[in-house]
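Here's the letter readout for the chains.
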Amino acid sequence: MKQKEDLQETGVTTSVFGSQEMLKSAPTDKIPQKPTTPEIAYQMVKDETYAQTQPRLNLATFVTTYMDSYATKLMNDAIAINYIDETEYPRIAVMCAKCINIIANLWNTPEKAKWKAGALGIGSSEACMLGGVAAWQRWKKRRQAEGKPCDKPNFVISSGYQVVWEKFAQLWQIEMRTVPLTTEKLTLCPQEAIAMCDENTICVVPIQGVTWTGLNDDVKALNDALDEYNKKTGYEIPIHVDAASGGFILPFLEPQKEWDFRLKWVLSISTSGHKYGLVYPGVGWVVWKDKKYLPDSMSFSVNYLGADVTQVGLNFSRPAAQILGQYYQFIRLGFEGYKAIQHNSMEITKYLHSEIGKMKPFRNYSDEVTNPLFIWEMKEEYMKRGKWTLYDLQDKLKQNGWMVPAYTLPAKLEKTIVMRLVVRNGFSRDMADQLLSDIAAAVAELDKLQYPTPSRIAIESNIKVKGTVYTHTGK
Ligand SMILES: *Cc1c(COP(=O)(O)O)cnc(C)c1O
């Protein structure tokens, strides 16, 4: 009887916003005692997912926010597929291997085997971890064979590292040695990196598309310096390239540039398929120069899925839809199609870079645009008499729907406040003009202020403003 009443309370005739549920807070701690209708559940969940901005106006993220409707359909159709069920979906495992082959060849792999050595990840984070662990395992094996201790591994990276490397260091207890970036050295200095190496160094990690600045570390110079150092010392310190962004830019826009497997000591490279690989999140890739650099200790075999399945990765089950998305993009766009999209992103970035550089308050951090993103800061003389900061500009732009983050640079440069723009597939010259006009209008308004803003006062008195470090950037 009780049950019947309850059903009448929220029954088939109840409208969603006429229901009891809409008068209550959504569950926070406990699972609700009773079910509700799918319409109401849908509405409650949906209403908590309002974006604070239009995804395509979010110029903070590197992650794909636009795919065409066929790609979207393919991925939606595959939403229920678990990648690890290789026996149920054997062709998806093959499709994944094809993607690895294609990427390995874009990076000039010398590997002759039909299937190149690589792995799928949820993003660059997992791919970086796998590259790092492989380097650690190889180092350990060599040390053990020499009867030497293996308890103090380290790796070398610039202070412009993405947060994943801090996780890698913490989770596997591998010391992270950072080469500071300075106003003179905007990217990893090869000599300083070498000076931090020793017998316990598992690898050096240059970055292509430094998250903080958009610049590329010079992998070739590092490779050459390392070659000399390895010859001198007898060590075999390799390079893992974190090419989260650059991995899908360089092959198309700078094919002549040697940053990849053409270099002797580059043994592994990782990238984010969901950044300039042009796929919705989450997909990442790691490729080794040859199977022999992927330690057996990282391949796990299970036999309970109906066949022996060998797998490299931190996750076991994972969505397969992203593989379909990646393979679709390769087929749909081809080399020329990727090149055209990355070219346009670069052209629009260069245009924005040049226009922002002309605005009175601003100075670009670097004259170079190497990836489709750049940062700028406030001119010193402007900073001295101004009443506002880039944080205020960030807030103003947000009112127009734009997400353009302001943040401080890493250690040794932490006093420098910058603003960053990331241009992705789906951003046009017309949108760039709208953004520039909104920036100009915001600056004109901020310039009229009679009194300094709270963020300005805080900076002047050296107070750390809560929440000023923009978390969306991954730091
Ligand atoms: C984005 C990024 C990562 C992390 O990648 P996810 O795909 O978000 O996991 C790692 N390194 C660099 C340089 C990045 O830009």
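So, how was this worked out
- Residues numbered from 1 in each chain as written.
- Predicted model: local features only at pLDDT ≥ 70, side-chain atom pairs only at ≥ 80, totals over all residues.
- Heavy atoms only, no water.
- Buried < 20%, exposed > 50% of the residue type's maximum accessible area, 1.4 Å probe, protein only.
- Helix = DSSP H or I, 4+ residues; strand = E, 2+ residues; numbered from the N terminus.
- Contact = heavy atoms within 4.5 Å.
- Polar contact = N/O pair within 3.5 Å; in protein donor to acceptor, adjacent residues only side chain to side chain.
- Near = heavy atom within 4 Å.
- Areas by Shrake-Rupley, 256 points an atom, 1.4 Å probe, with all protein chains shown as cover.
- Nonpolar A, V, L, I, M, F, W, Y, C, P; charged D, E, K, R; others polar.
- Axes fitted to C-alpha atoms, helices over the stretch in contact; angles between N-to-C directions.
- Parallel < 35°, antiparallel > 145°, perpendicular 65-115°, else oblique.
- Left-handed = near helix turned anticlockwise from the far one by under 90°.

> Would you take a moment to explain helix 12 (residues 390–399) for this structure?
One turn of an α-helix holds 3.6 residues; hence residues three or four places apart share an orientation. Of all the 10 residues making up helix 12, 7 are buried; the element is thus mostly covered by neighbouring parts of the structure. Within the sequence span of helix 12, burial applies to L390, Y391, D392, L393, Q394, K396 and L397. Considering only its buried residues, helix 12 is in contact with strand 10 (362–364), strand 11 (373–378), strand 12 (406–408), strand 13 (417–422), helix 13 (429–447) and helix 14 (454–460). The N-terminus of helix 12 is capped by T389, whose side-chain oxygen sits 3.1 Å from the backbone nitrogen of Y391. Phi turns positive, to about 95°, at G401, one or two residues after helix 12.

> Would you mind showing me how to read the site of the ligand here?
The ligand sits among 13 residues. The nearest are S124, S125, D242, H274 and K275. Separating a nitrogen atom of the ligand from a side-chain N or O atom of D242 is a distance of 2.7 Å. Here K275 contributes a side-chain N or O atom positioned 2.8 Å from an oxygen atom of the ligand. Contact with the protein chains removes 89% of the 380 Å² of surface that the ligand exposes when unbound. In the shell around the ligand, the residues fall into 3 nonpolar, 8 polar and 2 charged.

> What am I meant to see in the packing of helix 10 (residues 321–358) against helix 13 here?
Angle between the axes and distance between the axes: these two values describe a pair of packed helices. Across the interface, helix 10 lies against helix 13 with an axial gap of 10 Å and an inter-helix angle of 20°. Overall, the two elements helix 10 and helix 13 adopt an arrangement that is roughly parallel. Note on packing geometry: the crossing formed by helix 10 with helix 13 is right-handed. Here I348, Y351, L352, E355 and I356 of helix 10 come into contact with helix 13, specifically with R429, A432, D433, L435, L436 and I439. Across the contact of helix 10 with helix 13, the residue classes break down as 8 nonpolar, no polar and 3 charged.

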